[in-house]
Amino acid sequence: MKYKNITKAIFIKRPNRFIAEVEVDGKKETVHVKNTGRCRELLIPGCEVWLTAPGTPDRKTKYDLVAVRKNTGVIFNIDSQAPNAVVKEWLAKQDFSKVLPEYRYGESRIDFYIEKKKTPEEREVRYLMEVKGCTQEIDGVGYFPDAPTERGVKHIRELIKAKNEGYKAILTFVIQMDGVEEVRANVATHPEFGEAMENARKAGVEILFLQCHVTEDEIYIK
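Overview of the structure. As the structure is a computational prediction, the values presented were derived from the model and not from experiment.

### Points about the nonpolar core
So, point 1. Counting 44 residues, the largest nonpolar core has Val-22, Val-49, Leu-51 and Leu-65 as the members making the most contacts within it.
So, point 2. The element that contributes the greatest number of residues to this core is helix α2 (residues 150–164), accounting for 5 residues.
So, point 3. With residues up to four places along the chain from it excluded, the contact list for Leu-65 reads Ala-20, Val-22, Val-31, His-32, Val-33, Lys-34, Leu-43, Val-49, Trp-50, Leu-51 and Ile-78.
So, point 4. One finds Val-66, Leu-91, Ile-170 and Ile-219 within the second-largest nonpolar core, a separate group that totals 22 residues.

Set out below in structure tokens:
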């Protein structure tokens with residue numbers, strides 16, 4: 001996933017979870033933050049950030065904030081739409097006969113329904129995959145979520161149900177930074193998510209970590 005245009009800026013502050021104030025070429029600009037998580041360890045006054053200008057008519061803000069350089073020097077993609085986009089690209093390169101995004105299952109929309117069938121005589125293998133983007137790193141380990149997510153817990157419960165109904169269920173974490181191989185449940189922020197994730201493991205839901213390479217204008221699964 002490569003952004004068509006990118007602008008470097010300096011982060012000033014984040015008045016609320018939807019917007020931030022940045023400095024672009026010496027001028028203060030209000031921008032949309034494409035991540036409703038806290039990102040407190042990333043969005044620190046004075047840090048480098050990168051913006052895109054989608055050019056959508058009648059927008060209140062010209063730019064979206066999509067990437068930030070942490071004080072460790074590592075660039076993080078914090079675009080909440082990026083994980084599904086890069087997973088879709090990645091799945092297209094795999095040996096699957098069908099990939100359907102935003103699949104209705106139970107009371108939720110699961111990110112991907114996938115089928116794999118090599119010959120007409122074979123019975124298809126059915127997968128349901130839910131994708132989560134990890135933007136929090138502590139001492140080389142990724143953590144999710146960085147804010148409570150009842151929706152995330154609901155999705156995990158749906159995956160457990162799907163596993164019990166014969167699907168191959170996969171909880172996928174897209175690691176939106178370089179140098180991290182594992183994602184753990186952030187039980188300090190949301191204990192219920194940690195409990196749900198452990199229940200999913202015990203039920204046979206596969207936990208998949210997808211490592212990425214991230215630059216100021218690109219993210220892709222390695």
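### What to know about the sheet that holds strand β7 (residues 98–105)
So, point 1. Pairing within the open sheet is mixed, and its 6 strands lie in the order β7-β8-β9-β12-β14-β15. Of all strands in the sheet, those with a lone pairing partner are β7 and β15 (218–221), marking the two edges. The mean inter-strand angle of the sheet, taken between neighbouring strand axes irrespective of direction, is 35°.
So, point 2. Examined bridge by bridge, strand β14 (residues 206–215) and β15 share 4 bridges and lie antiparallel to one another. Residue Thr-215 lies in a different strand from β15, and its bridge partner there is Glu-218.

### Some points on the state of the cysteines
So, point 1. Counted by the stated rule, this structure contains 0 disulfides.
So, point 2. With no disulfide partner, Cys-47 has as its closest neighbouring cysteine sulfur the one in Cys-39, 10 Å distant.
So, point 3. Take Cys-47: its relative accessible area is 10%, and that puts it in the buried class.

### Points about the environment of Ala-169
So, point 1. Tracing the backbone through its elements, the reader meets Ala-169 in strand β12 (residues 168–175).
So, point 2. Overall, the relative accessible area of 3% leaves Ala-169 in the buried class.
So, point 3. Sequence separation of Ala-169 and Glu-158 is 11 residues, and the distance between their C-alpha atoms is 9.3 Å.

### A look at the packing of α2 against helix α3 (residues 191–203)
So, point 1. The geometry of α2 relative to α3 is characterised by a closest axis approach of 9 Å and an angle of 15° between their N-to-C directions. When the interaxial angle is binned, α2 and α3 end up roughly parallel. Read as a crossing pair, α2 and α3 show a hand that is left-handed. Together, Glu-150, Gly-152, Val-153, Ile-156, Arg-157, Ile-160 and Lys-163 of α2 and Glu-192, Phe-193, Ala-196, Met-197, Asn-199, Ala-200 and Ala-203 of α3 make up the contact between the two elements.
So, point 2. When grouped by side-chain class, the residues that make up the contact of α2 with α3 number 8 nonpolar, 2 polar and 4 charged.

### So, the pairing of strand β4 (residues 48–52)
So, point 1. Within β4, 4 of the 5 residues are buried, leaving the element largely enclosed by the surrounding structure.
So, point 2. Direction of pairing for strand β1 (residues 7–13) relative to β4: antiparallel, over a ladder of 4 bridges. Looking at the pairing, Thr-7 lines up with Leu-51 of β4.
So, point 3. One ladder, built from 4 bridges, connects β4 with strand β5 (residues 64–69); its direction is antiparallel. By the bridge assignment, Thr-52 is partnered in β5 with Asp-64.

What counts as what
Residues numbered from 1 in each chain as written. Predicted model: local features only at pLDDT ≥ 70, side-chain atom pairs only at ≥ 80, totals over all residues. Heavy atoms only, no water. Core = buried A, V, L, I, M, F, W, Y, C linked by side-chain atoms within 4.5 Å. Buried < 20%, exposed > 50% of the residue type's maximum accessible area, 1.4 Å probe, protein only. Helix = DSSP H or I, 4+ residues; strand = E, 2+ residues; numbered from the N terminus. Contact = heavy atoms within 4.5 Å. Pairing = 2+ DSSP bridges. Axes fitted to C-alpha atoms, helices over the stretch in contact; angles between N-to-C directions. Disulfide = S-S within 2.5 Å. Parallel < 35°, antiparallel > 145°, perpendicular 65-115°, else oblique. Left-handed = near helix turned anticlockwise from the far one by under 90°. Nonpolar A, V, L, I, M, F, W, Y, C, P; charged D, E, K, R; others polar.

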